[in-house]
Every structure is written in C-alpha cells, then in structure tokens.
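# Fold and contact review
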Amino acid sequence: MTVFRDDILDGRVAIVTGGATGLGLEVARTLGRHGAKVAICSRKEDNLRPAVKELAAQGIEARYGVCDIRDMEQVQRVVAETVAAFGRIDVVVNNAAGNFPAPLTGLSTNGFKAVVDIDLLGTFNMSRAAYDAYLGEHGGSIVNISATIQYTGMAMQAHVASAKAGVDALTRTCAIEWGRNGVRVNVVAPGGMTGTEGYSRVTAVTGTGTRSPLGRHGTRHEVADAVLFLASDAASYITGATIAVDGGACLAR
Ligand code: COA
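Residues numbered from 1 in each chain as written. Predicted model: local features only at pLDDT ≥ 70, side-chain atom pairs only at ≥ 80, totals over all residues. Heavy atoms only, no water.

Moving on, we come to the sheet that holds strand β6 (residues 183-190). Strand order in the open sheet made by the seven strands is β3-β2-β1-β4-β5-β6-β7, with parallel pairing throughout. Since the sheet does not close on itself, it has two edges, and those belong to β3 (62-66) and β7 (242-245), each with one partner. For this sheet, the mean angle separating the axes of adjacent strands, direction not counted, is 20 degrees. The pairing of strand β4 (residues 91-94) with strand β5 (residues 140-145) spans four bridges and is parallel. What sits directly across from V91, in β5, is S141. On top of the sheet, helix α1 (residues 22-33) reaches β1 (13-17), β2 (37-42), β4, β5 and β6; it is set at about 175 degrees to β1, its chief contact. (Pairing = 2+ DSSP bridges. Helix = DSSP H or I, 4+ residues; strand = E, 2+ residues; numbered from the N terminus. Axes fitted to C-alpha atoms, helices over the stretch in contact; angles between N-to-C directions. Contact = heavy atoms within 4.5 Å.)

See the structure below:
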C-alpha cells in the first residue's frame, strides 16, 4: 500500500547502503516500487543475492555491489559499477549502520571506532564517492538514516549516539556545500521501529516499551515512506532538514 503515485521516481537510480536486509531492503523496495532502479550494497553477498532476487520478483530493476563502506576504494568501485550499469545516480540512501548495546566500560576503543567508522565515515565515503562520480555534476538527493538517541544521550549507546550526532552534522554541512550543485542532503531519524536487527538488539536490553505519544512503535514501511518523500521532487526545496519518524517519542524523554 502506498499513498504516493507509483511513478514518482521513474527513470531515477538509487543506491541504498545496507540495502540487503531490514530497513535498507524496505527502502530499496519502496524506491523501486515507485519507479527507481536500485543498487544495494553491503558486506555480505549471501544477503545481497536473495535481496536482489526478491526485488526482481517484484518487477524492480536491481543489482548489488559487495563493499565495506568503511573502505573508500570499495565504495568508489560500487559507485562506478552503478553508473556503468544504470547510467546515472539520482538518490543515495546512507542506511548501513552498526549497533550493539554496551555500557561505556564495556566498549573498547575498537568497538567504539567500528560503529563510528560504519555509521559516520561510511556515510561520508558513499556521499563523497557518489558526489564525485555523478551527483556533483547532475544534482540529486542524499538521505542519511540517523536516529534520535543523540538528542539526549542513551545508556548503552555512547558509540551509536556519537556516530549519529556526526551524521547529523555531516548532513547539514553537505547541504550547505553541495546545494549550489543541486544536491539536497537530508536526514530521516527513525525511533523505535519493529522488524529490524537494531530493534531486536537494543530492545533486548531496554525492553519494548515506547514513549511515543502515538502509543506504538513505527514500522519500516513508515520510515521508508519518509525516505521516498525526501528522494522525490515533492521535497525539491528541502535540504539540511531532519524528519524524525519516531511517533514524537523524542519529545517525551
Ligand atoms: N559489546 C562490546 N563490544 C563489542 C560488541 C558487544 N556486544 N560487539 C562487537 N564489539 C567490539 C568487538 O569486541 C571489537 O572490539 P575489540 O577488537 O576491542 O574486541 C569491535 O567491536 C569490532 O568488532 P568486530 O566484530 O571485529 O567488527 P565488525 O566491523 O566486523 O562488526 C559491528 C561491526 C561491531 C557493528 C558488529 O556488531 C556487526 O557486524 N553488527 C551487524 C550489523 C548491525 O549492527 N546491524 C544493526 C544495525 S542498526
């Protein structure tokens, strides 16, 4: 079920990092169902292969690239392969993220760095590679998946909150520097969302309660629709913005 016209991304090409599973796959599916060709990437080919098959079965033209977004050369290769195969890039969704709950005293330097490198450095790498290869000359839309926990801090999530605060800052700076080139850069900040690996990991520690005034957790579908909106021309004058898709939960901490 969609409330958007199904051709709003016709002729567009999207790259979705972490697009093989969870929210990333839902985003790829949503952009694809609205006309985009999608390239998904992740570290695990075993996840990518069935995901592309599933997208193709729904009539979506999809391909995958294996890469660790922490490695700029691998990211540049996937971006180049996407342009070679699909001819363009219009939308980049920086969705790939790492998360495990750990108290500060349970976090090694390497554990902290692993999450910052995936979430923040990975977002920089993919944004920069796509900008250099295509977006800088042709314009487009970058949507960074962030979070809301960094607004207040959250126990067991120091590494993630720090990384996401960086993603928010990076987003605003990209929006300022790249606006003249027609590149819009925005954040979608999901709150508690059922049906994702991150949700299972975090709620195993925090419990499944919600602070949302709406009294429930969100769904991947609801978050993906916000990404679709920002990717589309309906958001043509929106850049540097954050849309929290958390049912208002961050108001009630
Ligand atoms: N508690 C504390 N430290 C942890 C941890 C946990 N639950 N899980 C991983 N780490 C630490 C590791 O011990 C290691 O640090 P060390 O070298 O000092 O021991 C460091 O994090 C890197 O771990 P490693 O597994 O080698 O890194 P990776 O790059 O392969 O994995 C992670 C990345 C850490 C994000 C891993 O949790 C992961 O792959 N997660 C799957 C994807 C995911 O998180 N999805 C949810 C998205 S919201």
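This paragraph deals with the packing of helix α3 (residues 72-86) against helix α4 (residues 109-138). Packing of α3 against α4 brings their axes to within 9 Å, and their N-to-C directions diverge by 40 degrees. The angle between α3 and α4 falls in the class oblique. With respect to the hand of their crossing, α3 and α4 are arranged in right-handed fashion. Of the residues in α4, those in contact with M72, V75, Q76, V79 and V83 of α3 are N125, M126, R128, A129, A130, A133 and Y134. (Parallel < 35°, antiparallel > 145°, perpendicular 65-115°, else oblique. Left-handed = near helix turned anticlockwise from the far one by under 90°.)

Right, let's get into the packing of aromatic side chains. Taken as a whole, this structure holds one aromatic pair when the rule is applied. Ring geometry for Y131 versus W178: centroids 4.0 Å apart, planes at 15 degrees, classification stacked. Taken together, the residues Y131 in helix α4 and W178 in helix α5 (residues 158-178) connect sequence positions 47 residues apart. Judged by relative accessible area, which is 15%, Y131 ranks as buried. Residue W178 is classed as buried on the basis of its relative accessible area, which comes to 11%. (Phe/Tyr/Trp six-rings, centres within 6.5 Å; stacked < 30°, edge-to-face > 60°. Buried < 20%, exposed > 50% of the residue type's maximum accessible area, 1.4 Å probe, protein only.)

The next thing to look at is the pattern of salt bridges. Tallying each qualifying case throughout the model produces 11 salt bridges. A salt bridge links R5 to D7, with the shortest nitrogen-to-oxygen separation between them at 2.7 Å. Using a relative accessible area of 58% as the deciding quantity, one classes R5 as exposed. Overall, the relative accessible area of 32% leaves D7 in the partly exposed class. For D119, the salt bridge goes to K164, with nearest N and O atoms at 3.6 Å. On the criterion of sequence distance, the pair formed by D119 in helix α4 and K164 in helix α5 is long-range, its members being 45 residues apart. Both residues of the pair, D119 and K164, belong to the buried class. (Salt bridge = Lys/Arg side-chain N within 4 Å of Asp/Glu carboxyl O.)

In the neighbourhood of the ligand, 16 residues make up the surrounding shell, with R43, R70, N99, S108 and N110 lying closest. Between the ligand and R70 there is a distance of 2.8 Å, counted from an oxygen atom to a side-chain nitrogen or oxygen. One nitrogen or oxygen atom from the side chain of N110 is found 2.8 Å from an oxygen atom belonging to the ligand. Taken together, the elements giving at least two residues each to the shell around the ligand come down to α4 and α6 (197-206). Examining the composition of the shell around the ligand, we find that four residues originate from one element, α4, more than from any other. Class assignment for the residues of the shell around the ligand results in five nonpolar, seven polar and four charged. (Near = heavy atom within 4 Å. Polar contact = N/O pair within 3.5 Å; in protein donor to acceptor, adjacent residues only side chain to side chain. Nonpolar A, V, L, I, M, F, W, Y, C, P; charged D, E, K, R; others polar.)

Geometric descriptors of this kind do not, in isolation, establish any biological role.
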